[in-house]
Amino acid sequence: MSLVVGTIGVYGFDVESFLQRLQGAGVRLVLDVRQRRGVRGTEYAWANSVRLQRALADARIAYEHHPELAPTTELRELQYAEDERRRVGKRSRRELAAEYVRRYTTEILDHADLASIMSALPSDGIAALLCVELEPAACHRSLIAERLSEHHGVMIEHLRPL
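Residues numbered from 1 in each chain as written. Predicted model: local features only at pLDDT ≥ 70, side-chain atom pairs only at ≥ 80, totals over all residues. Heavy atoms only, no water.

A. Region of the structure containing the overall build of the protein. The helix and strand inventory of the protein stands at six helices and five strands. Listing every helix and strand of the protein by position from the N terminus yields β-α-β-α-β-α-α-α-β-α-β. At 15 Å, the protein has a C-alpha radius of gyration in line with the 15 Å of a compact globule built from 162 residues. In terms of its C-alpha atoms, the protein occupies a principal-axis envelope of roughly 45 × 40 × 25 Å. (Helix = DSSP H or I, 4+ residues; strand = E, 2+ residues; numbered from the N terminus. Rg over C-alpha atoms; globule rule 2.2 N^0.38 Å.)

This is the structure:
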């Protein structure tokens, strides 16, 4: 039986549907890969660090922050510039810019200790990589998931709103 790692974004959920989606998928550990653990907009206030950790604890889901996997401010700004050029908003982005993918991979992912993440995966459920974007392909969490799949043989399950 293969290990499974999920990915999940904040957009498209409220706190109740987010927790239900995690629990329904058997998530036991959330790996937060955001640099800044806040989300703009009152509808997403539940996803700010302290509130999110409290909600996860109440749902008996463990939480770890992995800022070493977060894109730098410079990389985020590179993606925002490409979003502006393409005239797409962060919440409607469908894919990452090629230069962002290249630089995130070489500057962050190639130096990340994913073996330590693998050793911390729960034995009785799955872990889920958390960021904000709705579409996995529009977020760096998909790059992390792809690397985990390629190098560690995990199966990937993208958790979207139902």
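B. Main features of unusual backbone geometry. In this model, R60 sits at a positive phi of 60°, which is unusual for a non-glycine residue. Within the fold, R60 resides in the loop between α2 (49-58) and β3 (62-65). For R60, a relative accessible area of 75% puts it in the exposed group. Located in the positive-phi region is R87, a residue other than glycine, with phi close to 60°. Considering the arrangement of structural elements, one finds R87 in the loop between α3 (73-86) and α4 (98-107). (Buried < 20%, exposed > 50% of the residue type's maximum accessible area, 1.4 Å probe, protein only.)

C. Molecular detail of the state of the cysteines. Taken as a whole and assessed by the stated rule, the structure comprises zero disulfides. There is no disulfide at C131, and the cysteine sulfur nearest it, in C139, is 3.7 Å away. Given the relative accessible area of 7%, C131 is considered buried. Residue classification places C139 among the buried positions, given a relative accessible area of 1%. (Disulfide = S-S within 2.5 Å.)

D. Molecular detail of the nonpolar core. By size, the foremost hydrophobic cluster in this structure holds 50 residues, and its most contacted members are F18, L22, V27, L56, Y104 and I144. The set of elements that each furnish at least two residues to this core consists of β1 (4-8), α1 (15-25), β2 (27-32), α2, α4, α5 (114-119), β4 (126-130) and α6 (140-152). Sorting elements by how many residues they give to this core places β4 first, with five residues. Not counting chain neighbours up to four residues away, the residues in contact with L56 comprise F18, L19, L22, V30, I61 and Y63. (Core = buried A, V, L, I, M, F, W, Y, C linked by side-chain atoms within 4.5 Å. Contact = heavy atoms within 4.5 Å.)

E. Here's a closer look at the pattern of salt bridges. Across all of its chains, the model carries twelve salt bridges by this definition. Here E135 ties to R94 by a salt bridge, and the two come within 3.4 Å at their closest N and O atoms. You can see E135 sitting in the loop between β4 and α6 and its partner R94 sitting in the loop between α3 and α4, a full 41 residues away along the chain. Residue R94 is classed as exposed on the basis of its relative accessible area of 57%. Close ionic contact of D110 with R147 constitutes a salt bridge, the shortest N to O distance being 2.8 Å. Of this pair, D110 sits in the loop between α4 and α5 while R147 sits in helix α6, and the two are 37 residues apart along the sequence. Taking relative accessible area as the criterion, R147 reaches 15% and is therefore assigned buried. Within this structure, E82, R85, R86 and E95 form a network of salt bridges that share partners. (Salt bridge = Lys/Arg side-chain N within 4 Å of Asp/Glu carboxyl O.)

F. Inspection of the side chain of E82 at higher detail. The residue E82 is located in helix α3 in this model. A distance of 2.7 Å separates a polar atom in the side chain of E82 from a polar atom in the side chain of R85. (Polar contact = N/O pair within 3.5 Å; in protein donor to acceptor, adjacent residues only side chain to side chain.)

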